[in-house]
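# Chains, contacts and geometry: an overview
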Amino acid sequence: MVSIRRSVSAFVAVAIGVTLVAAATLLLASGRPQVPDRLARAAVVVQSPEAGASADSFVPTRPWSATATAGLVGRLAALPGVAAAVPDRTFYAQPLIDGRPAASDTHEGHGWSSTQLGGLRLTAGEPPRRPGEVVVGRALGLRTGAPVTLLTAVGAESYTVTGLVDGHGVHVADEVAATLAPGVRAIGLVLTADADPERVATAARGIVGTDGRVLTGDARGALEPRNDARTRWIGMQVLTATAALAGFVTVFVVASTFAFTIAQRRRELGLLRAVGATGRQVRRMVYGEALVVGASGGIVGLLVGGGLAPPLGWVLIDAGFEPSTFRVGYEPWPVALSLVAGPVISLLAVWSASRRAARVRPLEALREAAVEQRPIGRLRVATGALLVAVGVALSVGTATADEARVAGQYALYAVMALVAGATVLSPAVVGPVVRLLRSPVRRRGGAIGMLVRGGALTATRRTASTAAPVLLTVAFAVLVSGMVRTTTAAYAAGRADNVNVGWIVLPDQAPGLSDQAVAATGGTALLPTTVFRTDPGTAPADRPLTALGVDPAGFAAANRALTVVAGSLDDLRGDDTVVVTASANLRPSEPYAVVFADGTLVSLRVVAVVTDASLPGDLLVPRAVVRTHDPSALTSTVYVRDRIAPPVGARIVDVATWAAEADAAEDRLVWLFTLLLIGVSAGYGAIAVANTLLLAAAGRAADLRLIRMAGATRRQVVWLVTAESALVVLIGALLGGAVAFVGLLSIRAGLAEQVGAPVDLVVPWSVVAGVVGLCLLLAVLASVLPTWRSLRHRPARSSVGVAG
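Keep in mind it's a predicted model, so treat the numbers as computed, not measured. (Residues numbered from 1 in each chain as written. Predicted model: local features only at pLDDT ≥ 70, side-chain atom pairs only at ≥ 80, totals over all residues. Heavy atoms only, no water.)

### Overview of the overall build of the protein chain
Looking only at helices and strands, the protein chain features 21 helices and 23 strands. The buried share of the protein chain, reckoned over its 804 residues, is 50%. For the protein chain, the computed accessible surface area is about 36,100 Å², with 60% contributed by carbon and sulfur atoms. (Helix = DSSP H or I, 4+ residues; strand = E, 2+ residues; numbered from the N terminus. Buried < 20%, exposed > 50% of the residue type's maximum accessible area, 1.4 Å probe, protein only. Areas by Shrake-Rupley, 256 points an atom, 1.4 Å probe, with all protein chains shown as cover.)

Dropping the structure here:
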C-alpha cells in the first residue's frame, strides 16, 4: 500500500523533473527558424548554395556573382506564375542620429525592389531613384526631404530621405545596392494570384539545378538572419542540457528517496515476507508504488510545465537565448514525452531499491535494532568501481581534447559518471570519512559528538542516502562554475599575451569600423570577410574560411604569436597573393582558389605559410583585395601603440579590457547558462535533502524520545539532530568537491595544452559557499522543525524509575 507520507518527496521530485522536461521540450519544439519579415511575401525563394560547414558555424551561403545573378533572375522571371524575380541584396548601412549610430535593428540596407518581397508600405514620400536618395523606417523620426548621414563600410555618407516605410532598415536605389552588395544569396519570387507555389518551385529547381536551393513554406526559415540562427541554436543547447540534467537529477534524487524509504521499511517488508510474500511480489509492489508516484507526478509536472512555457519563452528572449521572433507553441510530441517521462523516471529510479526490497528476509520483522548488519554487496561495489573508471577515462579525454567545447562535454559526462559512482560507493566511504573527523568531533562535541559519530557509523546507508543529494549539488556547482571561470580567464590571458600593442580600437554601437574610421586611427586594422575554398579543376567545395585583410608589416609587428614556417610575409602584396596556415598543407607558389563575397572565383598564389596558432582566422590577404571583393566588409579591430581620441562609431580600450571583452556577449550567455544549471541541480539537491531529512526525522521520533527519557534535554536533542545534519552536508560536500576537483584538473590540463601556457584554476567560492549554505540551512530546518514538534511534551517517566 502506498504511504502518502513516504511518497510525497518522490512525488515532488518527479513533478519538478517533469515540469522542467515539459517546459524545455515545449520550448524546443517552438524553436523552429522563422521566415524573415523582409521575405514574407515571397512564396518561393531561391537560396545560393550552402557552405559545407558545421551546424554551429552560422556562416553565410556561397554567393552568386553579378553575372550569375542576372542570368538566374532572367530565367526565373520568365516562369509561368512568376510576377517578379527580385534579388535580395543586403549590405551594411546605419543612420547617424544626433551624431551617434542608430539602434541595432537598422544595420541592414537593401535595394528598393526588395520591399516587394516583404510587403513594406511606403507611408510618405516616394521611392529612391538615384544615388544619394534613401527611404528609411518612420520609427527613426525623420521627415521626407531631410538630410541623413549613413555609416557604410567606406565611411559616413550624406543622403536625402525621399520616403518613409512601416518597417526597419534603409532602402536605396537598386543600382546603388548592386554596387554595395554585388554578391547575391537569395532571389525572391513574387507570384501571381492564381499561381501554385509548389509547381513554380518545381520549375525553379529545374533552372537552378545544383547551384542553389529552392525553398517554400516554413523551409524559408533557413534564410533567417545568421545572428538569429546562432541565438536560436544557443537556446536549443540550453534547453537540451536543462532537460537532460533535469532527467538525470530526477532519477538520481528519486532513486535516493526510494532507497531511503526502503531502508526505513525493512521491518514492514520483513513482515510481508514472513506471511508468505515472495521476493518477486515485493518487487512488483515497489514498482507499483513507483508507477503511481511517477504517473501522478508526471501529470502534475506536465500541467505546470505547459503553463510555465510561455513566460519562460519571454525570459529566454530577454536573456539572449532566443531571438525576438521566438514564439511558444504547443506540439503533440512534448506532451507525449512528458506523460511518459514521469513513470519511466520513477521505474528507473526504483530499480535498485526494488532489488534491495526483494532481498529483505522474514527475520527482519523480528529485529528491534536499527543497526545495519549487511555491508554493500559485490555487485554494487563492481558497479561503483566501473562508474568511477568511466569517469576517470572521460577526465583523461577532457585533458586531451582539442576544443574547449568538446572538453566541456567530456567534463560534464565525467562528473555525471563520478557522481553516480561515488553515490553507489558512498556507504563504504562514510565510515572512513567519519573516522577521519573523529578527533575534532570528540574534542568539541562531548556526548553529542559521540552520538553523532556513532549514529553515522552504524547507519552508513542512511547517512549515504541523505548525503547523496548534497554530493550531486556541490559536484555540479563546483564543476560548472569553475569550468566557466577557468576557461574564460585562460582564453583572455592567452589572447592578451598574443598582442604586442598598447591599445585597441573597437566598434561602438556598430557592427564594425568603416575605412574612414580606420584611417583616422593610423593603426593596424583587421578587415575580416568570409571566403569559400575551391580547388582548381573541381566543383566548388564551398568550405567557408575567414580571410583577414591586413597590412603585412603592421600585422607582423602587432602579433606576437605569428610564426612563419615557409615563405615571407613581405610578399603579401598585389591582388593575387595569400598567406595560409600549416593545416592547409600547401607550399609557397602553389595556387589557392577561393570565392569572395561578390561571388567571384579568384585563384590566389601562396606566398607564406604560418603556424595554425598564428592567425585569428584562416588566411591573410592584402586589405585592398578584401575591399575590392566585399564592399560591405567592416573592420573588427585596430591595433594602436598610443591612446588616441576614437572616431565616430568607435571606442578605445587597453589590451586587458579588449581580451576580457572579446567574447563578452558569449561569456555572459555561458554564465547565465551556468547559473541555470547550478540552479536546477541546487534546487533539486535542496529539495532532496529536505525531503530525505523530513523522512528521517519522522522515522527516528521513537529513538529521539528514548534519548529524552535517558536524561537529555530538549535542547540537547535538537543540537544532536543539528549536528547530524551538518555532518551529512559536510560528507556530501567533501565527496562532491572531490569529484568536481577531478573534472576541473582535467579541464585545466586541456586548456594549458590549447593556449600553450600555464592555466590557473579559478573556483567561484561565493557560488560554492552559497550552494553548500543552502543545503545546510534546509537540512537543519528539515531535521530540527519536526524534531522540535515531536518533543513538545515531556517524556513519561519509566515505571521502573530510579529510586529517590
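### A look at the packing of aromatic side chains
Note on aromatic pairs: each is described by the distance of the centres and the angle between the planes. Applying the stated criterion across every chain, the model contains 1 aromatic pair. On the basis of an interplanar angle of 85 degrees and a centroid distance of 6.4 Å, the ring pair of Tyr639 and Trp658 is categorised as edge-to-face. Note that Tyr639 is positioned in strand S22 (residues 637–640) and Trp658 in helix H17 (residues 655–661), a separation of 19 residues in sequence. Take Tyr639 and Trp658: they sit in the same class, and that class is buried. Taking the ring centre of Tyr592 as reference, the NZ or CZ of Arg533 above it sits at 4.0 Å. (Phe/Tyr/Trp six-rings, centres within 6.5 Å; stacked < 30°, edge-to-face > 60°. Lys NZ or Arg CZ within 6 Å of the ring centre and 35° of its normal.)

### Some thoughts on the sheet that holds strand S2 (residues 82–87)
On the basis of which strands lie adjacent, the open sheet formed by 4 strands has the order S2-S12-S1-S13 and antiparallel pairing. Looking at strand neighbours, the two that pair on one side only are S2 and strand S13 (213–216), the edges of this open sheet. For this sheet, the mean inter-axis angle between neighbouring strands, taken without regard to orientation, is 20 degrees. Where strand S1 (residues 44–47) meets S13, 4 bridges bridge the pair, whose relative direction is antiparallel. Bridged to Gln47 within S13 is Arg213. Against the sheet, helix H5 (residues 197–208) contacts S1, S2, strand S12 (186–191) and S13, and its axis sits at roughly 170 degrees relative to S13. (Pairing = 2+ DSSP bridges. Axes fitted to C-alpha atoms, helices over the stretch in contact; angles between N-to-C directions. Contact = heavy atoms within 4.5 Å.)

### Quick notes on the environment of Thr530
When you line up the elements, Thr530 lands in strand S15 (residues 524–534). For the pair Thr530 and Thr546, spaced 16 residues apart in the sequence, the C-alpha separation amounts to 4.9 Å. Not counting chain neighbours up to four residues away, the residues in contact with Thr530 comprise Pro60, Pro544, Leu545 and Ala597.

### Let's talk about the packing of helix H7 (residues 266–274) against helix H8 (residues 279–319)
For the pair H7 and H8, interaxial distance at closest approach is 10 Å and the crossing angle is 135 degrees. The angle between H7 and H8 places the two elements in the oblique class. Our pair here, H7 against H8, has a crossing hand that is right-handed. Contacts between H7 and H8 involve Leu269, Leu272 and Arg273 from the former and Gly279, Val282 and Met285 from the latter. A breakdown of the residues in the contact of H7 with H8 according to their chemical character gives 4 nonpolar, 1 polar and 1 charged. (Parallel < 35°, antiparallel > 145°, perpendicular 65-115°, else oblique. Left-handed = near helix turned anticlockwise from the far one by under 90°. Nonpolar A, V, L, I, M, F, W, Y, C, P; charged D, E, K, R; others polar.)

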